Structures are given as C-alpha cells and as structure tokens.
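For reference, the chains in residue letters:
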Amino acid sequence: MGSGRDERRAQSEVIGTVIMISMTIIGAVLIVALAGSALQAINDETQDSLARDSFHEMDNRLSGISGSQVASETTLRFPEGSGSDLSVNESEGSVNISVETADEYRNLTHIEQSLGAVVYEGQDGSELVYQGGGLWEYPSPSYAVVRSNPPLSRTDQFLTFRFANISGATSISEGED
C-alpha cells in the first residue's frame, strides 16, 4: 500500500514539471509577440515622422527657389526609409486663374497650370501631400489640414502666385534623388 502512494506522487512531480515548463514557454512566446508588435508600432511611427520631416524639408527647399528661375532640374534626396512610401502623381490637380477687368478694358486673361503632387500614405491611412508649393495633410478622406500655404502674396493692387510645378517628376525611390 505504501508503494502505490510513491508511484502517484512520482507522476504528479512529472506532471507539475511539464506544466511549469509549458507555462514558461507560453509566457516567453507571449512576451516576444507583444514586444514584436510594440516594436512594429514604434517603427511605423518613426517612419511616419521621418516622412513628415522629409516633406517639411522639401517644402522649405522648394519654397526657397520658387521665386527664382532654375536653369536645370532641382534634385532632392529623401532619407533611406522614407522614399519607398512616396508616390508622384504628375497629373494631380491644376490651378485655374481668370482675370476679368472693367468693361472699358475688355481684357480677359485665363491661365491654367498643372501642378502634380508628391504623396505619402501613412501607416494609419492618412496622407501627406506636397502640391503647388503647399503642404496638405489628409487625416481622413473627408477633410484636409493645411500644414504650409502655397506662396501667395498681395502687395497694393498686385496679387502674386508662385506655384511649384512638379508635374515633370515621374517617381521617387528610397534613398535616391
């Protein structure tokens, strides 16, 4: 009778050891899975921040040359990690300017200029768009937030437009000009 107890006790020790090892393995797998998703979220946030900073830098550089004549093309370098999520839509948007003067002048002016757009789609589905010299953020498809106005100024009776035309750009690749 005494030997039967020892056998049962020996089995409970093995079962207890297996349960402890299983709980340790399950705990380690859960920690790795949670840490992986947290690292991915941090990586996505860092990539969005890098792209936003790159767009602001692009806006500043292009604003600096928008009022001057550029003899050749302008080259911008995007940091590695941000260029792969950028796209260029060279047929996106246009500006239509019509000027009508008093009847005695009979002078009608109509100008239409295509603009093009550089678009970054964030991990959360929001979009950051550089178009016409302005920086626009679309947190949702229903509205936009102006992050930087296009160059538009008024002096006395004159209204000055300096829209950046990027319709000649065809693509942007990560880490390239």
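Note that the coordinates shown come from a computational prediction; the quantities given were computed from them, not determined experimentally.

(A) Quick look at the overall build of the protein. Scanning the protein for helices and strands turns up one helix and nine strands. The secondary structure elements of the protein, listed N-terminal to C-terminal, are α-β-β-β-β-β-β-β-β-β. Put simply, the protein has 177 residues, and 21% of those count as buried. Taking contacts inside the protein between residues at least 6 apart in sequence as the whole, the part at least 24 apart equals 53%. As displayed, the protein offers around 12700 Å² of accessible surface, 53% of which is attributable to carbon and sulfur atoms.

(B) View of a negative patch on the surface. On the surface, a cluster of negative charge is made up of E92, E121, D124 and E127. Among the structural elements, E92 can be located in the loop between strand 1 (86-89) and strand 2 (94-100).

(C) Representation of a nonpolar patch on the surface. Where nonpolar side chains cluster on the molecular surface, the patch consists of I15, I19, M20 and M23 and spans about 420 Å² of accessible area. Mapped onto the elements of the fold, M20 is located in helix 1 (residues 2-65). With relative accessibility at 52%, the residue M20 sits in the exposed group.

(D) Looking closely at the environment of E45. Within the secondary structure, E45 is located in helix 1. Owing to a relative accessible area of 60%, E45 belongs among the exposed residues under this scheme. Residues E45 and Q123, spaced 78 residues apart in sequence, show a C-alpha to C-alpha distance of 8.0 Å.

Reading guide: rules and limits
Residues numbered from 1 in each chain as written. Predicted model: local features only at pLDDT ≥ 70, side-chain atom pairs only at ≥ 80, totals over all residues. Heavy atoms only, no water. Helix = DSSP H or I, 4+ residues; strand = E, 2+ residues; numbered from the N terminus. Buried < 20%, exposed > 50% of the residue type's maximum accessible area, 1.4 Å probe, protein only. Contact = heavy atoms within 4.5 Å. Areas by Shrake-Rupley, 256 points an atom, 1.4 Å probe, with all protein chains shown as cover. Patch = residues over 30% accessible without salt bridge, like charges linked within 9 Å, V, L, I, M, F, W, Y side chains within 5 Å. Salt bridge = Lys/Arg side-chain N within 4 Å of Asp/Glu carboxyl O. Lys, Arg positive; Asp, Glu negative; His and termini not counted. Charge placed at Lys NZ, Arg CZ, Asp CG, Glu CD.

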